Amino acid sequence: MNINPIQLFDVESSTFTYLLTAPGSPDAVIVDPVDRHLERDLRHLERLGLKLAYVLETHAHADHVTSAGKLRELTGAKAAVPSGCGIAPAEMQLDDGDVLTFGNGETIEVLHTPGHTAGSMSYVWRGNVFTGDTLLIDGCGRTDFQSGSAGALYDSVTRKLFALPDATRIWPGHDYKGQSVSTIGWEKRHNSRLANRSRDAFIQLMGELNLPRPKLMDVAVPANQNLGLPHGV
């Protein structure tokens, strides 16, 4: 049975945060929380009577600071992060194929989907996949920093994400066009960067983007490698 996550949005960085709930249980999981929305997220948990089990990160973000460390302190949740992203303080370092469980047998499958960053992960839950910056709606994340690789991203999407059932719903880490959800089937047929494009052509395309450096990168990445907490905490 497909169950929608609760989708929350940060206008400043165009970041999506997700709350996953477990039917018949107060347990919940939050994916990619943003520091400036700590109080908002806590209010959602309180209003819905939820207890946070895990704080999940898809990668060490360059455009916003996470609230993972503060949420962990305030709720008792465990921080679960990609093992290849250098987020040392987290209780759980996730690898490809790992499975997280919460609630009454709810499972989240971990997929290592490098390319945007070397450690990027996607998470599969109940017919949904949370793709972070690996696969966006009608696009994909950039590959020109944080050990990014256009070839690795192409392989991650075409071999792992596009191998999921076509009806799997894609919940991206960002959107800049007012979109909120897509499906694997639609992206396979229509994604403007990846559909019907060879690996070599994709690498050439990504190499010619010449995108500006993220404004917060020098602040956000070190902070996020410490779960958004000041270093030394």
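Residues numbered from 1 in each chain as written. Predicted model: local features only at pLDDT ≥ 70, side-chain atom pairs only at ≥ 80, totals over all residues. Heavy atoms only, no water.

J.: Can you walk me through the sheet that holds strand β1 (residues 6–10) in this structure?
T.: Reading across from one edge, β1-β2-β3-β4-β5-β6 is the order of the six strands in this open sheet, with mixed pairing throughout. For this open sheet the edge positions go to β1 and β6 (92–94), each flanked by a neighbour on one side alone. On average, adjacent strands in this sheet sit at an angle of 25° to one another, irrespective of strand direction. Where β1 lies against strand β2 (residues 15–21), five bridges are found, and the strand directions are antiparallel. Bridge pairing links F9 to F16 in β2. In this fold helix α1 (residues 38–48) packs onto β1, β2, β3 (27–31) and β4 (51–56), with an angle of close to 160° to the strand it touches most, β1. In the packing of helix α2 (residues 68–75) onto the sheet, contacts are made with β3, β4 and β5 (78–82), and the angle to β4 comes to roughly 155°. (Pairing = 2+ DSSP bridges. Helix = DSSP H or I, 4+ residues; strand = E, 2+ residues; numbered from the N terminus. Axes fitted to C-alpha atoms, helices over the stretch in contact; angles between N-to-C directions. Contact = heavy atoms within 4.5 Å.)

J.: Would you mind showing me how to read the sheet that holds strand β8 (residues 106–112) here?
T.: Backbone-to-backbone hydrogen bonds pair the strands of a sheet. The strands run either parallel or antiparallel. The six strands lie next to each other as β7-β8-β9-β10-β13-β14, forming an open sheet whose pairing is mixed. Whereas interior strands pair on both sides, the edge strands pair on one side only; in this sheet they are β7 (99–102) and β14 (182–183). As paired strands, strand β10 (residues 128–132) and strand β13 (residues 169–172) are joined by four bridges and run parallel to one another. Looking at the pairing, F130 lines up with W171 of β13.

J.: Would you mind showing me how to read the nonpolar core here?
T.: Generally speaking, a soluble globular protein has its nonpolar side chains buried in company with each other. In terms of nonpolar packing, the biggest core is built from 20 residues, with L20, V29, L56, L94, F102, I108 and Y123 touching the most fellow members. For this core, the secondary structure elements donating two or more residues are β2, β3, β4, β7, β8 and β9 (121–125). When near neighbours in sequence (up to four residues on either side) are disregarded, L94 contacts L56, A80, V81, P82, S83, L100, V110, M121 and Y123. Counting 18 residues, the second-largest nonpolar core is a separate cluster that includes L19, L50, V55 and A60. (Core = buried A, V, L, I, M, F, W, Y, C linked by side-chain atoms within 4.5 Å. Buried < 20%, exposed > 50% of the residue type's maximum accessible area, 1.4 Å probe, protein only.)

J.: What is the right way to look at the environment of N226 in this model?
T.: Within the secondary structure layout, N226 lies in the segment after α6 (217–224). Overall, the relative accessible area of 9% leaves N226 in the buried class. Here the alpha-carbon distance between N226 and A22, two residues 204 residues apart in the chain, equals 28 Å. At a separation of 3.0 Å, a polar atom in the side chain of N226 contacts the main-chain carbonyl oxygen of P230. (Polar contact = N/O pair within 3.5 Å; in protein donor to acceptor, adjacent residues only side chain to side chain.)

J.: Help me understand the packing of α1 against α2, please; the structure alone is not making it clear to me.
T.: What describes two packed helices is the angle between their axes and the distance between those same axes. Interaxial distance between α1 and α2 falls to 11 Å at its minimum, and their mutual angle equals 40°. By the criterion of interaxial angle, the relationship of α1 to α2 is oblique. Of the two possible hands of crossing, α1 and α2 adopt the one that is right-handed. Contacts from L38, L42 and L45 in α1 reach K70, L71, L74 and T75 in α2. Among the residues making up the contact of α1 with α2, the classes are represented as five nonpolar, one polar and one charged. (Parallel < 35°, antiparallel > 145°, perpendicular 65-115°, else oblique. Left-handed = near helix turned anticlockwise from the far one by under 90°. Nonpolar A, V, L, I, M, F, W, Y, C, P; charged D, E, K, R; others polar.)

The analysis is restricted to geometry; functional conclusions fall outside its scope.
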